[in-house]
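Read off the chains here:
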Amino acid sequence: MHANKKPGLFLPDTVFPRITAVTPEFLKERGITALVLDIDNTLTTHDSPELPADVAQWLEARKAEGFQFAVASNNHEPRVAPFAQKIGVKWVADAAKPLPRGLARAQQQFGVPKEQMALIGDQLFTDVLGARLFGIKALLVEPMAPDHKKLIRFKRVLEKPLMILYDKRGGERCGG
Ligand SMILES: [Mg+2]
């Protein structure tokens, strides 16, 4: 979203087709050094313990460039901790997104000001709203796979008019 436009609580700053489309140039231009990542349908498909190969490659490359990462999930510790340890990032389980407290825990672990943080996630009502309430940039990715859970499918219906509004306002889309 352009700097002269207020993005609104439910609208992201930028939309990407996949997390791998978030380039280091994009992040550096905006002063972002620390990224909070949603897990399900952002990094991998629901309940998968593995990263897709291209996502693993992207993550390792960005880590080598000095970017910090934490996963923040509303899922519980047994899903989140082993996953985070396996991919070598910090983590916040039971993040209670969209409440800002999980993101505050991520910020403590990063030790950076909010201006240097961004969240990458696939849902407007948890990820984007959470980033907005906490006051960091919100990068939205298209969900990696179709949603099967009823609640999420319902939320997708509600997201549609908001994304139409986003595009009408000339919201930024990168890498697609
Ligand atoms: Mg998700």
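The rules behind these values
- Residues numbered from 1 in each chain as written.
- Predicted model: local features only at pLDDT ≥ 70, side-chain atom pairs only at ≥ 80, totals over all residues.
- Helix = DSSP H or I, 4+ residues; strand = E, 2+ residues; numbered from the N terminus.
- Rg over C-alpha atoms; globule rule 2.2 N^0.38 Å.
- Buried ≥ 20, exposed ≤ 12 C-beta atoms within 10 Å, placed from the backbone.
- Contact = placed C-beta atoms within 7 Å.
- Pairing = 2+ DSSP bridges.
- Right-handed = clockwise from strand over helix to strand, strands pointing away.
- Core = buried A, V, L, I, M, F, W, Y, C linked by C-beta atoms within 7 Å.
- Axes fitted to C-alpha atoms, helices over the stretch in contact; angles between N-to-C directions.

Caption draft 1: Looking closely at the overall build of the chain. Looking only at helices and strands, the chain features six helices and seven strands. For a compact globule of 176 residues, the expected C-alpha radius of gyration is about 16 Å, and the chain comes in at 15 Å, within 12% of that figure. Dimensions of the chain, computed from the C-alpha atoms along their principal axes, are close to 40 × 40 × 30 Å. Counting the 176 residues in the chain, one finds 38% classified as buried. Considering only intrachain contacts with a sequence separation of at least 6, the fraction spanning at least 24 residues in the chain is 62%.

Caption draft 2: The pairing of strand 2 (residues 34-37), seen in detail. On strand 2, burial covers both faces: Ala34 and Val36 on one face and Leu35 and Leu37 on the other are all buried. Pairing of strand 2 with strand 3 (residues 68-72) involves four bridges; the strand directions are parallel. Within strand 3, the residue paired with Leu37 across the bridge is Val71. A crossover links strand 2 with its parallel partner strand 3, the connecting element being helix 2 (residues 53-64), and its sense is right-handed. Note: strand 2 against strand 5 (residues 117-121), four bridges, orientation parallel. The residue of strand 5 that forms the bridge with Ala34 is Met117.

Caption draft 3: Region of the structure containing the nonpolar core. In this structure, Val36, Val71, Leu119 and Ile120 are the most contacted members of the largest nonpolar core, which totals 44 residues. Counting residues per element, this core draws most heavily on helix 5 (residues 124-134), at five residues. Every residue in contact with Ile120, bar those within four places of it in the chain, is listed here: Ile19, Val22, Leu35, Leu37, Asp38, Thr42, Leu139 and Val141.

Caption draft 4: Geometry of the sheet that holds strand 4 (residues 90-92). Read across the open sheet, the seven strands follow the order 4-3-2-5-6-1-7; overall the sheet is parallel. Edge positions in the open sheet fall to strand 4 and strand 7 (172-173), since each of these has one partner strand only. Bridging between strand 5 and strand 6 (residues 137-141) involves four bridges; their strand directions are parallel. Pairing of Gly121 across the sheet is with Leu140, part of strand 6. On the sheet, helix 3 (residues 77-87) packs against strand 3 and strand 4 and is oriented at approximately 170° with respect to strand 4.

By themselves these figures say nothing about function.
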